[in-house]
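Observations on the three-dimensional arrangement
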Amino acid sequence: MARYGLIADIHGNREALAAALAALDERGAERIVCLGDIVGYNADPDECVALVRKRCSVSIAGNHELIGLGRLDFTRCSNKAEYALRRTRRTLGKEAAEFLKKLPDSHVLEPGVVLVHGGVRDVQQYMANPAHIAENAKFLAADFPGARVCFFGHSHEQKVYEVIRDVKRDVDAVDVQEVAIDGQVSLRKENTYFINPGSVDASRKKRHKLAECALFDSAFNTVQFLRVRYDAAATEAKAAAFGYRIDPLTDRLYTLRRRIGARF
Ligand SMILES: [Fe+2]
Ligand SMILES: [Fe+2]
């Protein structure tokens, strides 16, 4: 049991990663774990991989790692993501690539606590509503018997979903409720939880430019969500200067190419 710092969806944003790590250190995180998407979108993939390697006791692979390494194609990417990932493929250093290649798809942090990036069985699935969670709760029970907490990333929003098994209706039926994130969330032992600590990278967020992360205390069954300031203007300037931002013409070309199914 430990006080874990949870980070996800860093996306090559060195400034946001440094801010999130500092906030977790300040609040006494004993072990930092990363839920994937270390690279993509921003200009510092190698630096972020090096920092995750140095600071995280565990990391799993996100879809951006798999696409950046050429293990998945661009079919399920947005134009913005594809453009930045093509740039990431060209720039990613050998040492960083070697580290990313070894990352597992999932990890059991401690008995009953599972880490995934997207869906339990599909790294590119967005678990973004109660129906997705109900489907994945079944996968979790089948693939990780006894799991009571599943941390996930990919959807880039701080979320807590509580899965309550409805024994009266059907043994397989579950009721999923979103839990309000208000300071600290206490987890009940009898239910299962799907929890997203949020996205470290906020470069594509319109609401705020704050690095998100969370603290999970497995001894007390509590989760605390954090949002911290970072130098978002510096991240954006670097991303633009180093060719990670798609221009309107290329954006239209990518869309056209997807429509006609061409490879160019
Ligand atoms: Fe992501
Ligand atoms: Fe992702």
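This text gives an overview of the structure that appears in the document. For clarity, every value in this text was computed on a predicted model and none was experimentally measured.

1. Side note on the overall build of the protein
Within the protein, the secondary structure is distributed over eight helices and 12 strands. The globule rule puts the C-alpha radius of gyration for 264 residues at 18 Å, and the 18 Å found for the protein is close to it. Along the first, second and third principal axes, the C-alpha atoms of the protein reach 55 × 45 × 35 Å. The burial tally for the protein puts 54% of its 264 residues in the buried class. Considering only intrachain contacts with a sequence separation of at least 6, the fraction spanning at least 24 residues in the protein is 73%. The protein carries 40 positive and 35 negative side-chain charges, and their two centres are separated by 4 Å.

2. Focus on the environment of Asn-191
Along the chain, Asn-191 falls in the loop between strand 9 (184-186) and strand 10 (192-197). For Asn-191, a relative accessible area of 8% puts it in the buried group. Between the alpha carbons of Asn-191 and Glu-162 there is a distance of 6.7 Å; along the sequence they are 29 residues apart. Here Asn-191 is in contact with Arg-148, Glu-162, Val-163 and Ile-164, once residues within four sequence places are set aside. Among the polar contacts listed, one links the side chain of Asn-191 to the side chain of Glu-162, at a separation of 3.1 Å.

3. A closer look at the coordination of the iron ion (ligand 2)
Bound to the iron ion (ligand 2) on the protein side are Asp-37 (OD), Asn-63 (OD1), His-117 (NE2) and His-154 (ND1), at distances that span 2.1 to 2.2 Å. Note that the iron ion (ligand 2) binds four donor atoms; their angles at the metal cover 90 to 159 degrees, and the shape is irregular. Donor residues for the iron ion (ligand 2) sit on one chain with the sequence pattern D-x25-N-x53-H-x36-H. The distance between the iron ion (ligand 2) and the iron ion (ligand 1) comes to 3.3 Å, with Asp-37 serving as a donor to both metals. Separated by 26 residues along the polypeptide, Asp-37 in the loop between strand 2 (31-34) and helix 2 (45-55) and Asn-63 in helix 3 (residues 63-68) bring together distant segments of the chain.

4. Some points on the sheet that holds strand 8 (residues 174-178)
Adjacent strands of a sheet form backbone hydrogen bonds with each other and so pair up, either parallel or antiparallel. Strand order in this open sheet of six strands is 4-5-6-10-7-8, and the pairing throughout is mixed. Looking at the sheet topology across the chains shown, the edges are occupied by strand 4 (107-110) and strand 8. When strand polarity is set aside, the average angle formed by the axes of neighbouring strands in this sheet is 20 degrees. In the sheet, strand 6 (residues 149-151) pairs with strand 10 via three bridges, with the strands oriented parallel. The residue bridging Cys-150 from the neighbouring strand is Phe-194, located in strand 10.

5. Here we look at the coordination of the iron ion (ligand 1)
The protein atoms that coordinate the iron ion (ligand 1) are Asp-9 (OD), His-11 (NE2), Asp-37 (OD) and His-156 (NE2), at distances spanning 2.0 to 2.2 Å. Around the iron ion (ligand 1) sit four donor atoms; with metal-centred angles ranging over 86 to 168 degrees, the donor geometry is irregular. In primary-sequence terms, the residues that donate to the iron ion (ligand 1) follow D-x1-H-x25-D-x118-H. Overall, His-11 belongs to the buried group, its relative accessible area being 0%.

Rules behind the numbers
Residues numbered from 1 in each chain as written. Chains lettered and ligands numbered in written order. Predicted model: local features only at pLDDT ≥ 70, side-chain atom pairs only at ≥ 80, totals over all residues. Heavy atoms only, no water. Helix = DSSP H or I, 4+ residues; strand = E, 2+ residues; numbered from the N terminus. Rg over C-alpha atoms; globule rule 2.2 N^0.38 Å. Buried < 20%, exposed > 50% of the residue type's maximum accessible area, 1.4 Å probe, protein only. Contact = heavy atoms within 4.5 Å. Lys, Arg positive; Asp, Glu negative; His and termini not counted. Charge placed at Lys NZ, Arg CZ, Asp CG, Glu CD. Polar contact = N/O pair within 3.5 Å; in protein donor to acceptor, adjacent residues only side chain to side chain. Donors = N, O, S within 2.8 Å, 3.2 Å for Na, K, Ca; no water. Tetrahedral: all angles 85-135°; square planar, octahedral: opposite > 155°, others 65-115°. Pairing = 2+ DSSP bridges. Axes fitted to C-alpha atoms, helices over the stretch in contact; angles between N-to-C directions.

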